[in-house]
Structure formats: structure tokens, C-alpha cells
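Now for the letters of each chain:
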Amino acid sequence: GAGVSQSPSNKVTEKGKDVELRCDPISGHTALYWYRQSLGQGLEFLIYFQGNSAPDKSGLPSDRFSAERTGGSVSTLTIQRTQQEDSAVYLCASSTGLVGEQYFGPGTRLTVT
Amino acid sequence: AQKITQTQPGMFVQEKEAVTLDCTYDTSDQSYGLFWYKQPSSGEMIFLIYQGSYDEQNATEGRYSLNFQKARKSANLVISASQLGDSAMYFCAMREGFQSGNQFYFGTGTSLTVIP
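One structure accompanies this document, and this report is about it. (Residues numbered from 1 in each chain as written. Chains lettered and ligands numbered in written order. Predicted model: local features only at pLDDT ≥ 70, side-chain atom pairs only at ≥ 80, totals over all residues. Heavy atoms only, no water.)

The next subject is the overall build of chain A. Within chain A one finds zero helices and ten strands. Taking all 113 residues of chain A together, 47% fall into the buried category. Here the contacts in chain A between residues at least 6 apart in sequence split such that 54% fall between residues at least 24 apart. Here chain A has roughly 5500 Å² of accessible surface; of this, 45% comes from carbon and sulfur atoms. Positive and negative charge centroids in chain A, built from 10 and 11 side chains respectively, lie 4 Å apart. (Helix = DSSP H or I, 4+ residues; strand = E, 2+ residues; numbered from the N terminus. Buried < 20%, exposed > 50% of the residue type's maximum accessible area, 1.4 Å probe, protein only. Contact = heavy atoms within 4.5 Å. Areas by Shrake-Rupley, 256 points an atom, 1.4 Å probe, with all protein chains shown as cover. Lys, Arg positive; Asp, Glu negative; His and termini not counted. Charge placed at Lys NZ, Arg CZ, Asp CG, Glu CD.)

Once that is clear, we can look at the interface of chain B and chain A. The partner chain A presents 23 residues to the 17 residues of chain B that form the contact. A combined buried area of about 1600 Å² lies between chain B and chain A, and 55% of that area is made up of carbon and sulfur atoms. On the surface where chain B and chain A come into contact, there are zero salt bridges. Put simply, chain B and chain A have two residue pairs in polar contact (both at pLDDT 80 or more) between them. (Buried area = accessible area lost by both parts, 1.4 Å probe. Salt bridge = Lys/Arg side-chain N within 4 Å of Asp/Glu carboxyl O. Polar contact = N/O pair within 3.5 Å; in protein donor to acceptor, adjacent residues only side chain to side chain.)

On to the packing of aromatic side chains, then. Residues and elements named next belong to chain B. A full pass over the atoms with the stated rule returns 17 aromatic pairs over all chains. Aromatic pair Phe35 and Phe104: ring centres 4.8 Å apart, planes at 45 degrees, arrangement tilted. Highlighted residues: Phe35 in strand E5 (residues 32-39) and Phe104 in strand E11 (residues 104-106), separated in sequence by 69 residues. Exposure remark for Phe35: the relative accessible area of 0% places this residue in the buried category. Each ring, one from Tyr37 and one from Phe106, has its centre 5.7 Å from the other, and the planes form 45 degrees; the classification is tilted. Remark: Phe106 occurs in strand E11 and Tyr37 occurs in strand E5; sequence separation between them is 69 residues. (Phe/Tyr/Trp six-rings, centres within 6.5 Å; stacked < 30°, edge-to-face > 60°.)

Throughout the structure, instances matching the rule amount to two disulfides over all chains. Covalent S-S linkage joins A:Cys23 and A:Cys92, the inter-sulfur distance amounting to 1.8 Å. Of note, the bridge from A:Cys23 to A:Cys92 carries an S-S torsion of about -65 degrees and is left-handed in sense. One end of the pair, A:Cys23, is in strand E3 (residues 19-24); the other, A:Cys92, is in strand E8 (residues 88-95), with 69 residues separating them in the sequence. A:Cys92 carries the same exposure label as A:Cys23, and that label is buried. A sulfur-sulfur separation of 2.0 Å characterises the disulfide bridge that pairs B:Cys23 with B:Cys92. Around the S-S axis, the bridge from B:Cys23 to B:Cys92 shows a dihedral of about -65 degrees and counts as left-handed. (Disulfide = S-S within 2.5 Å.)

All names here are of chain A. Applying the stated criterion to the full structure yields six salt bridges over all chains. For the salt bridge of Arg64 with Asp86, the shortest nitrogen-to-oxygen distance reads 2.8 Å. Residue Arg64 is located in the loop between strand E5 (44-50) and strand E6 (65-69), and its partner Asp86 is located in the loop between strand E7 (75-79) and E8; the two are separated by 22 residues in the primary sequence. Looking at Asp86, the relative accessible area reads 1%, which means it is buried. Overlapping salt bridges, with partners in common, bring together Arg36, Glu44, Arg64 and Asp86 in one network.

Residues and elements named next belong to chain B. Taking every second residue as pointing to the same face, the buried face of strand E12 (residues 110-115) carries Thr110, Leu112 and Val114, while none of Ser111, Thr113 and Ile115 on the other face is buried. In this structure, strand E2 (residues 10-14) lies alongside E12, joined through five bridges in parallel fashion. Opposite Phe12, over in E12, you have Thr113 as the bridge partner. As paired strands, strand E10 (residues 88-96) and E12 are joined by three bridges and run antiparallel to one another. Bridge assignment links Ala88 to a residue of E12, and that residue is Leu112. (Pairing = 2+ DSSP bridges.)

Within the secondary structure layout, A:Phe45 lies in strand E5. Assessed through its relative accessible area of 11%, A:Phe45 is described here as buried. When the C-alpha positions of A:Phe45 and A:Lys57 are compared, they lie 9.3 Å apart, and in sequence the two are twelve residues distant. If we skip the residues at most four places from it in the chain, A:Phe45 touches A:Trp34, A:Tyr35, A:Asp56, A:Ser58, A:Gly59 and B:Gln103.

Right under this line is the structure:
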């Protein structure tokens, strides 16, 4: 079956512009996570959604970052007024089931010039 | 305090040898899950193995096994018979509670290089 998909795979934007990153989780997965990974670094948690519950936004680094999950499926991460330090790979993952292991998408590489 | 600590930024192993990647965790919960992921240079994160806090047996998946020492709060990954394709970053992670939607905490990773 289809895995987690993310689009675009690469995004180059100018400082100050807004960007939207999309994540399409595995069908039926109730939990969806966003992470940020800077070059050579570990994963920085941003936000997660679980079913219809209010999302856990505790990892969002500033109010320029926001995320939505429509209909319990597709999620969009929006970064407003991008800064150069926002350059990173943004990873999305979904999970379900008793073990709840996460399945990751291929990521979106964001470059802010 | 860090929830997950991986103290080995880089490791080298000879092909066909076994290697242990260290991971310690910090939680006051009784119920939690421990995970290992592999990230090759291509960038995708691949789930390898899971250990639940109440599992008495160490988890095994093919050449991967998880050396779970609950009292020491360690969850080391053992890779047996290393292959060149095992060269990658390896991340240890923990989820507190058993609900699939709980937050995951990741370590900083260990870069493994398999030498021919």
C-alpha cells in the first residue's frame, strides 16, 4: 500500500515569504507528526495530531509556524515570513495500532535564501 | 533532562562483525515504548524494532535485537553480522504511554559506518 507522502520534495524560497508543506499520511492512521531535521542533526519535534483531539503544538519554535489537519487525514505545515534558520528537512510521520511505530515520509527539503 | 541519550556520535564496525549502539532513556512512566530507526544517506527514516516496557523478552527482528535493561534504563541496539548497507544514522526513540498518538522523543543519533 501507499506510504506517507510529502510535497513538495524540495522548496527554495526567499526570506520573508510564506511556505506550505503538505503531508498525506497512510490511510487509516490516526496520529500524524511533524518534525524538523537540520543538516546532520537529530529530529526536532514540532507538532502532532491524534484523531479529533486538539493537537500538541508544544514543539513549534515560534508563532510563525502553524499546522492543520483536515478531515483527520492530510496535514499542512505553514511557515510564515520564513527566515534562513528555517532551512531544514521537514519530516512527517503517521502511526496507529498497538505498537504505534511511526512511518515517515521522504521529507521536504526547505531552503530559505 | 534529555529523554533519550545516545552518547556515540559515530561508530565503525568491520563487515560481518556485530555492533552495539547505546541508548539510555529517562522517564517516570511505567508504560512506555522504545523504538529504533535507521536513516540512510537517502534520508528516509526506517522503523527497525520496538520494545514495550512490560515486555520481558528482548525484541528481535532479523539481525537486529534490542538489549533492554529496564533497571538501567537502557535500550541498546545490537546489529549482528554487519553489512555494508547498514551504514546509516541510527536513532533511538521513546513514546511515553502506549497510545499511538503520544509524543515521541528522539535521540541525537549515532552514525554507523561499516568497513569492508
